[in-house]
Amino acid sequence: MHPHTQSAKDVMKAYDVPKEKGLSDEQVSQSKEQYGDNVLREEKGTSLFRLITDEAREFMNILLVIAAFVSMFASGHLRDGLFILAVVLFNITLSVIQTRKAENAVEALQAVSAPQAKVLRNGKTIEIAREDVVVGDIVVLEAGDFIPADLRLIDSHTLKIDESTLTGESVPVDKDAATLHDDASILSERSNMAYSGTLVTYGRASGIVTGVGMDTELGAIASLLSDVEDTETPLQKRVGRLGKVLGSISVAVVVIIFGVGLLRDMEWLEIFMISVSLAVAAIPEGLPAVITVILALGMRRMASQNAIVKSLSAVETLGSVTVISTDKTGTLTENKMRVTTLYVNHTLLDLEDDDLSPHKKEINALSEIGTLANDASKDGDTYLGDPTETALLDLYERFEGSVTKLRNTHERLEENPFDSERKMMSTLNRMDGGTKMLIKGAPDVLIERCTYIHIKGAIRPITEEDRQAMAKANEAMANKALRVLAYGMKTLESETDNKEDGLTFMGLSGMIDPPREEVKASIKVCKNAGIRVVMITGDHKLTASAIARDLHISDNDEAVDGREIEAMNDAELAKSAKTTNVYARVSPTHKVRIVRALQQNGEISSMTGDGVNDAPALKQADIGVAMGKVGTDVSKEAADMVLTDDNFTTIVKAVESGRVIYQNIRKFVAYLISCNIGEVLLIFVAILLGWGSPLLPLQILWVNLVTDTLPAFALGLEKKEQDVMNQPPIDKDASIIDRFMAITIAFQSVFLATAVLASYRIGLSFSEGAALGTTFAFITLIIGELLRTFSARSEKRSVFTMNPFSNKWVNISFAVGLGLLAIVLFIPGINTLFQTDVTLTPMRLMIAVVLGILPVLGGEIAKLFKR
């Protein structure tokens, strides 16, 4: 039996705990031994060694290591091999530094729990550390206390608990120890329970501990967090596939060259050296480093735009997001109640749009009652207290004036606080030279106690038609998911005449946690970008549907609640998830199931949230997004991205940044791969023609790691294309190299190989022979690569239509590339190392440089096909 289905008396009897004395010291020891300490189990984080080995096992890095050892031990090129190993070490170090993040989600959950608790033991109330609370302890609660463990309430007095971080409920919920619930009731409906990590906002109570540590609802969330498995991001999958393709190409080409060499009766050592050159040429050694640095720079840029991304791959994954599953409270809404509608003079008034001047006196009278019969307060610009009551203070100050001044001139004499049975609160105040009872509460209860009605400055007896009109207005506001309160007043003949009847009806107010103003525009942008927005909340279905309709998340009132989710198996939920945009009254387990259902349908799901209850779903999602201001530490640690401004619009900007970064990754991948393919094609054709290899292994490494890498970095910093958010999300299964990119690579590779082969052949014709030929080929290849950078800035637009100065990094990389080429060609010692110490006249240089223009034309012709 669950404690919420049993009476408090039965629960105490089950644990053998007397209400007046609590546990004895002996019982405490026995309980701790049987149920354990009140702490959450801590999952072991990923070790530094594991992070390093995981990076080292990446296919691209394995290929580079093989190439390095072959170069060092098989061909005797120690410098080349060490150079490649240095690149691998750099790649691994950079990636580990950028991707290592705290695995402190469970520790953060621990921090949410109360550090101290008041318990009844041996007949005395004492204060103990939270972790020392045991099952069977009777805990004493009052306003401001965090709940230290899961409790079955024994007694309660006007108790309200803020469970928003656990259930998503936007306002504190009323608790009543006397109620009983069935097994099917969901967590947010159990009014006789208090849960670990939640906060008492009003009233007082006592309760018996029924669960500690991992056996609490908070512990269940910790278990969910540890059960969620990390999955590969789309970028990791794409780069992995690309590495395998390049590795396969490398192996195939080496085998073919071996065969050709044997048929030509070439020396084994010569064939092997050429094969090493081809293997080196086929692998873009700089690609892992470029991707890592560009993603890291993207992280920095996004941080300056209020989005802190905690892992490198998550930056690119944002561009693939197809669904943003968002919590309602505090994410789509402001996380504070606000009065939006009033009912006075038998007229429903929208406070933003309607003319309020004919009803000024009645609005003033109603807002005065809401302010005086109210326990909330104001400290500077901050309202303190129950969200419903702070909304009423805000109403008064929006239309009337100073709360402090009103209260100072209308002394409170007596208070009858709100309780769940009366569903009202009343105060006696000095007003208009006498004493008045001011009262607010649930409309159905308060209206029944009204004998009179205040209409247009006059008070008259209430009629049945009046009551029908009030009920109709109440229903209209409730259908808009507004929290409705009624207001009454009574002039007292004496201060002892304090019965809450014979009241004058003053009006109704409707309040809601309103949507953020900027969210509508952001959701419109999402729709244009092919991104679906799904609301997942612990709030009521009616409230969720109203907010969703207002924000155009959903065009109807359809929503699925927790009970319906519970009744579905995974296949049924996945089918429902294809069309459902609103989920209400959901538990943490439901949220994880919804995210998994979306993923099962092939969606790349981003989940936003701020509460403890969101953490497992944040971790399960492809991109978990936490709120930085109001978000719990738990949600921040579980998320991939934290919004420092708690603004839904920032998510849209982050998605745009993710798309831009992916576009730029495509640009420099095409740039690097076309160079690699061009080099392979160049050497392959030269060998078939019997010309020998046009490039030395060290020269190829220089081009791949230095000359190409700097422009690739520059391309990674290219500004966004104008239509980036008018395109569908990036297909998670699509290869980086699609059909159009393959065409681009083919054209550029052929033109590059042709230009370099021509340069090599011209160089061979001079008296210096092979030495000048490889130098010519080296110069043409580098000039061609540097010039191709300008064309590679856009996959669609011609280089002749772009502003050549809009990306300063391209210009800097071009200048640096020319300077490095000059060093390799003309600095003694260095040119000997690269075997470029030959005589280069201006005419010879001009021939090699002019041929370097040819690859740019290949790129521009490829764009014609795409356009």
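See above for the structure.
So, a few notes on the structure that sits alongside this text. (Residues numbered from 1 in each chain as written. Predicted model: local features only at pLDDT ≥ 70, side-chain atom pairs only at ≥ 80, totals over all residues. Heavy atoms only, no water.)

## With respect to the overall build of the protein chain
Summing up its helical and strand segments, the protein chain has 34 helices and 26 strands in all. Of the contacts formed within the protein chain by residues at least 6 apart in sequence, a portion of 71% connects residues at least 24 apart. When the accessible surface of the protein chain is summed, it comes to about 36000 Å², and 56% of that surface belongs to carbon and sulfur atoms. Where the 88 positive side-chain charges of the protein chain centre and where its 112 negative ones centre are 4 Å apart. (Helix = DSSP H or I, 4+ residues; strand = E, 2+ residues; numbered from the N terminus. Contact = heavy atoms within 4.5 Å. Areas by Shrake-Rupley, 256 points an atom, 1.4 Å probe, with all protein chains shown as cover. Lys, Arg positive; Asp, Glu negative; His and termini not counted. Charge placed at Lys NZ, Arg CZ, Asp CG, Glu CD.)

## Let's talk about helix α19 (residues 519–528)
Every buried residue belonging to α19 is among Val519, Ser522, Ile523 and Cys526, and all of these are buried. The buried residues of α19 occupy an angular sector of 100° when projected down its axis, which confines them to one face. Exposed residues on α19 whose side chains face more than 90 degrees from its buried face are Ala521 and Lys524. Its buried side turned inward, α19 meets β9 (323–326), α13 (328–332), β21 (532–536) and α26 (648–688). Directly after α19, the chain includes Gly530, whose backbone phi takes a positive value near 75°. (Buried < 20%, exposed > 50% of the residue type's maximum accessible area, 1.4 Å probe, protein only. Arc of directions from axis to C-beta.)

## Remarks on the sheet that holds β21
With mixed pairing, the eight strands of this open sheet are ordered in space as β8-β26-β25-β24-β9-β21-β23-β22. Bordering the open sheet on either side are β8 (307–309) and β22 (560–561), each of which pairs with just one other strand. With respect to the sheet, helix α20 (residues 541–550) is in contact with β21, β22 and β23 (582–584), its orientation differing from that of β23 by roughly 155°. (Pairing = 2+ DSSP bridges. Axes fitted to C-alpha atoms, helices over the stretch in contact; angles between N-to-C directions.)

## Points about the nonpolar core
Counting 89 residues, the largest nonpolar core has Met302, Phe505, Met641, Phe648 and Phe668 as its most contacted members. Looking at which element gives the most residues to this core, the answer is α26, with 15 residues. Membership of the second largest hydrophobic core comes to 42 residues, among which are Ala282, Leu772, Phe778 and Ile782. (Core = buried A, V, L, I, M, F, W, Y, C linked by side-chain atoms within 4.5 Å.)

## Focus on the pattern of salt bridges
A full pass over the atoms with the stated rule returns 36 salt bridges. Here Arg121 and Asp137 are joined by a salt bridge, their closest N and O atoms 2.6 Å apart. Remark: Asp137 occurs in the loop between β2 (124–129) and β3 (138–142) and Arg121 occurs in strand β1 (residues 116–121); sequence separation between them is 16 residues. An identical accessibility class is assigned to Arg121 and Asp137; each is buried. The shortest N-O distance in the salt bridge between Asp550 and Lys520 comes to 3.4 Å. Taken together, the residues span a long stretch of sequence, with Asp550 in helix α20 and Lys520 in helix α19 at a distance of 30 residues. Residue class for Lys520 comes out partly exposed when judged on its relative accessible area of 37%. Connected via shared salt-bridge partners are Arg338, Glu352, Asp394 and Arg398. (Salt bridge = Lys/Arg side-chain N within 4 Å of Asp/Glu carboxyl O.)

## Things to note about the packing of aromatic side chains
If you walk through the whole model with that rule in mind, you get six aromatic pairs. With 6.0 Å between their ring centres and 50° between their planes, Phe766 and Phe776 make a pair best called tilted. Linking Phe766 in the loop between α29 (739–764) and α30 (770–791) with Phe776 in helix α30, this pair joins segments that are 10 residues apart in sequence. Judged by its relative accessible area of 27%, Phe766 falls in the partly exposed class. Residue classification places Phe776 among the buried residues on the basis of a relative accessible area of 0%. Residues Phe778 and Phe834 carry aromatic rings whose centres are separated by 6.4 Å and whose planes lie at 25° to one another, so their mutual orientation is stacked. Of the two residues, Phe778 is situated in helix α30 and Phe834 in the loop between α32 (830–833) and α33 (842–851); the sequence distance between them amounts to 56 residues. Pair check on accessibility: Phe778 and Phe834 agree, each one buried. A network of ring pairs unites the aromatic residues Trp702, Phe778 and Phe834 as a single cluster. Seen from the ring of Tyr202, Lys160 lies directly overhead, with NZ or CZ sitting 6.0 Å from the centre. (Phe/Tyr/Trp six-rings, centres within 6.5 Å; stacked < 30°, edge-to-face > 60°. Lys NZ or Arg CZ within 6 Å of the ring centre and 35° of its normal.)

## Topic: the packing of helix α27 (residues 697–707) against α30
In contact at an axis separation of 11 Å, α27 and α30 are set at 15° when each is read in the N-to-C sense. Accordingly, the angle class assigned to the pair α27 and α30 is roughly parallel. The chirality of how α27 crosses α30 is right-handed. Within the contact between the two elements, α27 uses Gln699, Trp702, Val703 and Thr707 and α30 uses Thr774, Phe778, Leu781, Ile782 and Leu786. Partitioning the contact of α27 with α30 into residue classes produces six nonpolar, three polar and no charged. (Parallel < 35°, antiparallel > 145°, perpendicular 65-115°, else oblique. Left-handed = near helix turned anticlockwise from the far one by under 90°. Nonpolar A, V, L, I, M, F, W, Y, C, P; charged D, E, K, R; others polar.)

## Digging into the environment of Gln663
You can see Gln663 is positioned in helix α26. C-alpha separation for the pair Gln663 and Ile84, spaced 579 residues apart in sequence, amounts to 28 Å. Apart from residues no more than four positions distant in its own chain, Gln663 is found in contact with Glu721, Val724, Gln727 and Glu795.

## Re the environment of Ala654
With respect to the secondary-structure elements, Ala654 resides in helix α26. With sequence-adjacent residues up to four places away left out, Ala654 is seen in contact with Met302, Ala307, Leu318 and Met641.

## Some points on unusual backbone geometry
Backbone geometry at Asp16 places phi at a positive 55°, although glycine is not the residue there. Counting through the fold element by element, Asp16 comes out in the loop between α1 (8–14) and α2 (25–35).

## Details of the packing of α26 against helix α28 (residues 709–716)
Between α26 and α28, the least distance of the axes is 8 Å, while the angle of their chain directions is 160°. Here α26 lies roughly antiparallel to α28, going by the angle between them. By crossing handedness, the relation of α26 to α28 is classed as right-handed. Contact residues: Asn664, Lys667, Phe668, Tyr671 and Leu672 in α26; Pro711, Ala712, Leu715 and Gly716 in α28. Its residues assigned to classes, the contact of α26 with α28 comprises six nonpolar, two polar and one charged.

## Examining a nonpolar patch on the surface
Residues Leu710, Trp809, Ile812 and Val816 make up a contiguous nonpolar surface patch of roughly 320 Å² in combined accessible area. Ranked by residue count, the leading element in the nonpolar patch is helix α31 (residues 808–826), at three residues. Residue Trp809 is classed as partly exposed on the basis of its relative accessible area of 40%. (Patch = residues over 30% accessible without salt bridge, like charges linked within 9 Å, V, L, I, M, F, W, Y side chains within 5 Å.)

## Focus: the pairing of strand β17 (residues 450–455)
By the bridge criterion, three bridges tie β17 to strand β20 (residues 503–512) in an arrangement that is parallel. Opposite Cys450, over in β20, you have Leu503 as the bridge partner. Sheet topology places β17 next to strand β18 (residues 458–461); four bridges connect them, and they run antiparallel. For Tyr452, the partnering residue across the bridge sits in β18 and is Pro461. Count of turn residues in the β17/β18 antiparallel hairpin: two residues, of which Lys456 carries a positive phi of about 50°.

## Concerning a negative patch on the surface
On the surface, Asp350, Asp353, Asp354 and Asp355 cluster together into a negatively charged patch. On the secondary structure map, Asp353 appears in the loop between β11 (347–350) and α14 (360–372). Residue Asp353 is classed as exposed on the basis of its relative accessible area of 64%.

## A word on the pairing of β2
Both β1 and β2 contribute to a ladder of six bridges, which runs antiparallel. Bridge pairing in β2 places Lys118 opposite Glu127. In textbook terms, the turn of a hairpin is the stretch between consecutive antiparallel strands, and for β1 and β2 this stretch comprises two residues, one of which, Asn122, has a positive phi near 55°.

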